[in-house]
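Survey of secondary and tertiary structure
Residue strings, one per chain:
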Amino acid sequence: MRKIVAFCDASYDRKSGAGGVGVYYQSAPDDDASLSLAVSGMHDCNYGEVFALWLVLCSVGQTMSPEEIKTFGLVIYLDSDHALALFNGEGEVKEGREFEAEMIKSARLYASKLSGLEIVCVKSHRGFSPLGMANEHCDRLAKKAMRLMRDTSIEVKPIKDIFKDKGGELES
């Protein structure tokens, strides 16, 4: 079974409220893709990490046909114990953060369509191993997006709008 390897990370500036998400797909040496996305509506970095996990699962789920999804595995590396615990049902969403629960619910729905999914929590800022370097690249993507939002006057979409645009279901 072929595997898609993805790294995801988030960055958040408390003072300005600026947020950024980085996603790095590492499928083969000559077939990489990176995403650096500035977002608003991020309550803290943990919230952004949950969004980044959802974004990876959503993008794979929406770009591959059901037949392709059955033949591919997906390995997601992240450096957030919080996002992984929520996804695995081992943590609780804080009061007032019901949208975070909606993102997890949607992420689980996308995950249920995959034949092989592995989500691995890695230590951040841990040297020059291949995993460490890929995680650092993803961290830089997230920080780049956050700084772009913080230091310029660009308009960015709130996380909730991106979620709705990509087919996430929100209960009113």
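Preceding block: the structure.
Read on for a plain summary of the structure. None of the values given here were measured: they were computed from a predicted structure. (Residues numbered from 1 in each chain as written. Predicted model: local features only at pLDDT ≥ 70, side-chain atom pairs only at ≥ 80, totals over all residues. Heavy atoms only, no water.)

This part covers the nonpolar core. Judged by nonpolar contacts, the single largest core of 41 residues is most densely connected at F51, L57 and L74. Of all the secondary structure elements, the ones that give two or more residues to this core are β1 (2-13), β2 (18-26), α1 (45-63), β4 (72-78), α3 (81-87), α4 (98-112) and α6 (159-165). The element that contributes the greatest number of residues to this core is α1, accounting for 11 residues. When neighbours within four sequence positions are excluded, L74 is seen to be in contact with I4, A6, V56, L57, V60, L114, G116, L117 and E118. (Core = buried A, V, L, I, M, F, W, Y, C linked by side-chain atoms within 4.5 Å. Buried < 20%, exposed > 50% of the residue type's maximum accessible area, 1.4 Å probe, protein only. Helix = DSSP H or I, 4+ residues; strand = E, 2+ residues; numbered from the N terminus. Contact = heavy atoms within 4.5 Å.)

The next point concerns the side chain of E100. The topology assignment puts E100 in helix α4. For E100, a relative accessible area of 0% corresponds to the buried category. Here H82 takes part through its side chain, which lies 3.1 Å from a polar atom of the side chain of E100. The contacts of E100, once residues within four sequence positions are left out, are N46, Y47, V50, H82, L86 and V93. (Polar contact = N/O pair within 3.5 Å; in protein donor to acceptor, adjacent residues only side chain to side chain.)

Moving on, we come to the packing of aromatic side chains. The description of an aromatic ring pair rests on the distance of the ring centres and on the angle between the ring planes. Taken as a whole, this structure holds 6 aromatic pairs when the rule is applied. Chaining the aromatic ring pairs together yields one cluster made of Y47, F51, W54, F99 and F163. (Phe/Tyr/Trp six-rings, centres within 6.5 Å; stacked < 30°, edge-to-face > 60°.)

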